[in-house]
Amino acid sequence: MDLDGLIRDRIRDVVDYPKPGVVFKDITPLLADHVAFAGVVDAIVNHHGRGTVDKIVGIEARGFILAAPIAYHFGAGFVPVRKKGKLPSATYERSYDLEYGTETIEVHADAFTPGERVLIVDDVLATGGTARAAADLVARGGGDVVGLSVLMELSFLGGRDRIGNLDVHSLVTV
Ligand SMILES: O=P(O)(O)OC[C@H]1O[C@H](OP(=O)(O)OP(=O)(O)O)[C@H](O)[C@@H]1O
Ligand SMILES: Nc1ncnc2[nH]cnc12
């Protein structure tokens, strides 16, 4: 099976979670398969190439799982974007809507030095609210957002249309 087939096979649809009408893309079977997990990390690193990025931003919580090994293999630093109230030092924050609610995320105000090249990593691009907010936070902190890499894009939710000129790379589109 190629990587595209492996990813599709290992992501489980959970109907009506976390609320009626949502089909939740559960990545835990993929993470539990070391071949699929490593294949995803390698594919994102190889798409961009080592040396092209200074910092990887991971978005809590599922984004962390992918972003940390990607940062390690890139030779880049890791910066967490967290749900409100979890980061200990001074932060910038943004609020946004997503498929099943509203949320506020934060980043440490001193997380980036001006002009640092930053790749944002998450598991799913759905409505694009999270990605847009994360990109705004990086820009607010002085970083230069080079793109967004996701495992899966839910194209029917129109996320790409909401995230402006952000360069999006998705391994699988449904
Ligand atoms: O494109 P959007 O509509 O903004 O949705 C995508 C976001 O939704 C999920 O996160 P969630 O807030 O559910 O957090 P979790 O990773 O903690 O489960 C997912 O991990 C993305 O971050
Ligand atoms: N349908 C979905 N499945 C998993 N994560 C999501 N984030 C937003 N919508 C989602």
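As a reminder, the structure under discussion sits directly above these lines.
Residues numbered from 1 in each chain as written. Chains lettered and ligands numbered in written order. Predicted model: local features only at pLDDT ≥ 70, side-chain atom pairs only at ≥ 80, totals over all residues. Heavy atoms only, no water.

A. Representation of the overall build of the protein. For the protein, the count of helices and strands is six helices and nine strands. For a compact globule of 174 residues, the expected C-alpha radius of gyration is about 16 Å, and the protein comes in at 15 Å, within 12% of that figure. Seen along its three principal axes, the alpha-carbon backbone of the protein occupies a region of about 40 × 35 × 30 Å. A buried classification covers 48% of the 174 residues belonging to the protein. Excluding contacts between residues fewer than 6 apart, the proportion of contacts in the protein whose partners are at least 24 apart in sequence is 57%. Accessible area of the protein: about 8,200 Å², with a carbon and sulfur share of 50%. Positive and negative charge centroids in the protein, built from 18 and 24 side chains respectively, lie 3 Å apart. (Helix = DSSP H or I, 4+ residues; strand = E, 2+ residues; numbered from the N terminus. Rg over C-alpha atoms; globule rule 2.2 N^0.38 Å. Buried < 20%, exposed > 50% of the residue type's maximum accessible area, 1.4 Å probe, protein only. Contact = heavy atoms within 4.5 Å. Areas by Shrake-Rupley, 256 points an atom, 1.4 Å probe, with all protein chains shown as cover. Lys, Arg positive; Asp, Glu negative; His and termini not counted. Charge placed at Lys NZ, Arg CZ, Asp CG, Glu CD.)

B. Here's a closer look at the sheet that holds strand β5 (residues 91-98). In spatial order, the strands read β5-β6-β4-β3-β7-β8-β9; together these seven strands make up an open sheet with mixed pairing. Looking at which strands have only one partner, the edges of the open sheet turn out to be β5 and β9 (168-173). Across the sheet, the mean angle separating the axes of adjacent strands is 25° when strand polarity is ignored. Against the sheet, helix α1 (residues 3-10) engages β8 (144-153) and β9, with an angle of about 70° to β9. Set on the sheet, helix α3 (residues 34-48) makes contact with β7 (117-125), β8 and β9; between it and β9 the angle comes to about 145°. (Pairing = 2+ DSSP bridges. Axes fitted to C-alpha atoms, helices over the stretch in contact; angles between N-to-C directions.)

C. Broad picture of the site of ligand 2. Taken together, V23, F24, K25, R62, E99, Y100, V124, A126 and L154 form the complete shell of residues around ligand 2. Interatomic distance of 3.0 Å between a side-chain N/O atom of R62 and a nitrogen atom of ligand 2. At 2.5 Å, a side-chain N or O of E99 approaches a nitrogen atom of ligand 2. In isolation ligand 2 has 260 Å² of accessible area, and contact with the protein removes 95% of it. Per-element accounting of the shell around ligand 2 gives the leading share, three residues, to strand β2 (residues 23-26). A breakdown of the residues in the shell around ligand 2 according to their chemical character gives six nonpolar, no polar and three charged. (Near = heavy atom within 4 Å. Polar contact = N/O pair within 3.5 Å; in protein donor to acceptor, adjacent residues only side chain to side chain. Nonpolar A, V, L, I, M, F, W, Y, C, P; charged D, E, K, R; others polar.)

D. Quick look at the packing of α1 against α3. At a closest axis distance of 10 Å, the pairing of α1 and α3 adopts a crossing angle of 125°. The angle between α1 and α3 places the two elements in the oblique class. In the packing of α1 onto α3, the handedness of the crossing is left-handed. For the pair formed by α1 and α3, the contact residues are L3, L6, I7 and R10 on the first element and V35, A36, G39, V40 and A43 on the second. (Parallel < 35°, antiparallel > 145°, perpendicular 65-115°, else oblique. Left-handed = near helix turned anticlockwise from the far one by under 90°.)

E. Focus on the environment of L3. Summarising the element assignment, L3 is placed in helix α1. The spacing of L3 and T102 is 99 residues in sequence and 33 Å in space, taken between C-alpha atoms.

F. The arrangement of the nonpolar core in detail. Ranked by internal contacts, the top residues of the largest apolar core, which has 29 residues, are I7, L30, V40, I56, I70, F74 and L151. Only α1, α2 (28-31), α3, α4 (62-74), β7, β8 and β9 provide two or more residues apiece to this core. Looking at this core, the element that brings in the most residues is α3, giving six residues. Contacts of I7, omitting those with residues within four sequence positions, involve L30, V40, L151, L171 and V172. In this structure, V118, L137, V138 and L148 belong to the second largest nonpolar core, which totals 23 residues. (Core = buried A, V, L, I, M, F, W, Y, C linked by side-chain atoms within 4.5 Å.)

G. Local environment of the side chain of T130. Mapping T130 onto the fold places it in helix α5 (residues 129-140). Sequence-distant contacts of T130, that is, excluding residues within four places in its chain, are made with I59, Y96, L98, I105 and D122.

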